[in-house]
Amino acid sequence: MSVDRLSKSENRLRIGFVHRFDARSVRSWSGTFHFMAKALQAHVGDVVYLGPDKSLATKFIIDNTARANRFWFRLTRKVLITDHNRILSHRLARFFLARMAAEHCDILFAPAASVEIASLKTSLPIVYSSDTTWADVVNYYPEFSSLSSLSRHEGEWIEAAAIRRADAIAYPSEWAARSAREHYKADPAKIHRLPFGANLESVPSREAALRHPLNGRIQLLMIGVDWERKGGAIALECLKTLLDNGVDAHLTLCGCVPPPGFEHPRMHVIPFLNKNQPEDRLNISRLFLDAHFLLLPTRAEAMGIVTCEASAHGLPALVTDTGGTRGALNPGINGFLLPLDARGDAYAEKILDIVATPTRYAALVASSRDEFERSLNWDTWGRSMHSLMEQILNRKIERPEFSESVSAIALDEPDSDESISTLTVAHT
């Protein structure tokens, strides 16, 4: 069945996509909204975009919150209130109720949208998805370490209300799911584990992904925009330790420029590659395919979709065991987890142990790709979401009668470059 025919099918479920930013943009939430929407369209029903909210009323609230924050932070060095507040939540509820009245929907899907649904009063079932909870990010991410008591309270109210309002909640990691159960006392029956997929428009063939020959040089790759939080210094320590052990090693850093004092002749820095540009997407894919290990010695992470992307390329990852990283990293299958206090020498020791037996490394490459094909892809997520929504509605949802992968379905991509809310900026 063609995509055009599929979108016009009379029996297709209509899924209201709830978020105040433009979910069609590949720039929103590191592209995750874009890939979620395509997976829903391919495996569940027709996606109805209820956002973005560009109304003057919403802009007024956001602008004045920002002004108040700047003033309060200068006085107290505390964040007065984030965008997780009841005033904005009530305004967004009015906006989405009006949009829902104009668009027929059978069910609502609200990813990273706690503010949008916390005050939303509707009889439609809601599936809420997030990679973290408010309780998990406070004092975990640096940007959430200077919150005023008001902003903490407002954030707690928003998260608790969203969890209560949702008919089902999908998290990619047990870390986030546990917080919902234990901190917010959510009904365990409505919490579901659905791993996220790799945010790739084009996935390399399995044959290409399995080509990571050990030819004398160990090529390391680190991708991230935040040198400090992603553990850049630890990655550089790893490189130096390998070199001290007589290994011909090289580190490619993509996404940021290290601060002064962290230069090295064996570290190549690529400040920025735009995943929205075909040539840059190809260059990023080549980085994955040419490397032997992905390094993610992160200090704080909700999940780490870059691990999913590495697995799609057959690239094993060495990742810090923190936050929700276990949602993407299956130890011994697509890489290994190291303790938060592990430094570069521990990462180097793990690499040396693996490459000492080339057949072991080759098996790890193959199982990394297997993990992507089994779990860390958006088609699998879409099929799981189909089952979840079917359970909620207690009705048969028409499945599309075609075998095209999610990456083959084209959606419009607006030119606007919108950033995501402060709760989810650390998504990847």
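On a predicted model such as this, the values are computed, not experimentally measured, just so you know. (Residues numbered from 1 in each chain as written. Predicted model: local features only at pLDDT ≥ 70, side-chain atom pairs only at ≥ 80, totals over all residues. Heavy atoms only, no water.)

Draft legend 1. Spatial organisation of the overall build of the protein. A tally of regular secondary structure across the protein gives 15 helices and 12 strands. Within the protein, the proportion of its 428 residues that are buried is 57%. The contacts in the protein between residues at least 6 apart in sequence include a share of 73% that link residues at least 24 apart. Only carbon and sulfur atoms are counted for the fraction: they give 52% of the accessible area of the protein, which is about 17,900 Å². (Helix = DSSP H or I, 4+ residues; strand = E, 2+ residues; numbered from the N terminus. Buried < 20%, exposed > 50% of the residue type's maximum accessible area, 1.4 Å probe, protein only. Contact = heavy atoms within 4.5 Å. Areas by Shrake-Rupley, 256 points an atom, 1.4 Å probe, with all protein chains shown as cover.)

Draft legend 2. Quick look at a nonpolar patch on the surface. Nonpolar side chains collect at one region of the surface, where Phe71, Trp72 and Leu75 lie side by side and expose about 320 Å² of accessible area between them. For Phe71, the location among the structural elements is in helix 3 (residues 56–76). A relative accessible area of 48% places Phe71 in the partly exposed class. (Patch = residues over 30% accessible without salt bridge, like charges linked within 9 Å, V, L, I, M, F, W, Y side chains within 5 Å. Salt bridge = Lys/Arg side-chain N within 4 Å of Asp/Glu carboxyl O.)

Draft legend 3. Layout of the confidence of the model for the protein. Chain-level pLDDT for the protein is 90 on average; 90% of the residues reach the 70-or-more range. pLDDT under 50 marks residues 398–428. Its contacts with residues more than four places away, or in other chains, come to 98 contacts. (pLDDT = per-residue confidence, 0-100.)

Draft legend 4. Summary view of the nonpolar core. Formed by 44 residues in total, the largest nonpolar core has its most connected members in Leu108 and Tyr171. A total of six residues in this core trace back to one element, the largest contributor, which is helix 4 (residues 86–102). Leaving out residues up to four positions away in the same chain, Tyr171 has contacts with Tyr128, Ser130, Thr132, Thr133, Ile163, Ala176, Ala177, Ala180, Ile191, His192, Arg193 and Leu194. Judged by nonpolar contacts, the second largest core, of 36 residues, contains Ile15, Ile305, Cys308 and Phe372. (Core = buried A, V, L, I, M, F, W, Y, C linked by side-chain atoms within 4.5 Å.)

Draft legend 5. Quick peek at the pairing of strand 1 (residues 13–17). Within strand 1, four of the five residues are buried, which leaves the element mostly enclosed by the surrounding structure. As paired strands, strand 1 and strand 2 (residues 45–49) are joined by five bridges and run parallel to one another. Residue pairing in the sheet places Phe17 in a bridge with Tyr49 of strand 2. Of the pairings in the sheet, the one linking strand 1 to strand 3 (residues 107–111) comprises three bridges and is parallel in character. In the strand pairing of strand 3, Gly16 is matched with Leu108. (Pairing = 2+ DSSP bridges.)

Draft legend 6. Examining the environment of Tyr128 more closely. On the secondary structure map, Tyr128 appears in strand 4 (residues 126–129). Residue class for Tyr128 comes out buried when judged on its relative accessible area of 1%. In the structure, Tyr128 is positioned 34 residues away from Ala162 in sequence and 7.8 Å away in space, judged by C-alpha atoms. Of note is the side chain of Tyr128, whose polar atom sits 3.1 Å from the side chain of Glu159. (Polar contact = N/O pair within 3.5 Å; in protein donor to acceptor, adjacent residues only side chain to side chain.)

Draft legend 7. Quick look at the environment of Cys256. When you line up the elements, Cys256 lands in the loop between strand 8 (248–254) and strand 9 (267–270). The class of Cys256 is buried, set by a relative accessible area of 7%. Along the sequence, Cys256 and Gly224 sit 32 residues apart, while their C-alpha atoms lie 6.5 Å from each other.

Draft legend 8. Region of interest: the packing of helix 10 (residues 232–244) against helix 13 (residues 344–355). Two numbers describe how helix 10 lies on helix 13: the axes approach to 7 Å, and their chain directions differ by 55 degrees. With respect to each other, helix 10 and helix 13 are oriented oblique. For the crossing formed where helix 10 meets helix 13, the hand is right-handed. Across the interface between the two elements, Ile234, Glu237, Cys238, Thr241 and Leu242 from helix 10 touch Gly344, Asp345, Tyr347, Ala348, Ile351 and Leu352 from helix 13. (Axes fitted to C-alpha atoms, helices over the stretch in contact; angles between N-to-C directions. Parallel < 35°, antiparallel > 145°, perpendicular 65-115°, else oblique. Left-handed = near helix turned anticlockwise from the far one by under 90°.)

Draft legend 9. Looking closely at the sheet that holds strand 2. Within the open sheet, the six strands sit side by side as 2-1-3-4-5-6. Their pairing is parallel. Two strands in the sheet have a free side with no partner beyond their single neighbour: strand 2 and strand 6 (191–193). Between one strand and the next, the sheet's axes are offset by a mean angle of 25 degrees, whatever the strand orientation. Relative to strand 4, strand 3 is paired through four bridges, and the arrangement is parallel. Bridge pairing links Phe109 to Val127 in strand 4.

Draft legend 10. A look at the side chain of Asn85. If you trace the backbone, Asn85 turns up in the loop between helix 3 and helix 4. For Asn85, the side chain forms a polar contact with the main-chain oxygen of Thr82, separated by 2.9 Å. Not counting residues up to four positions away in its chain, the partners in contact with Asn85 are Thr65, Val115, Glu154 and Ile158.

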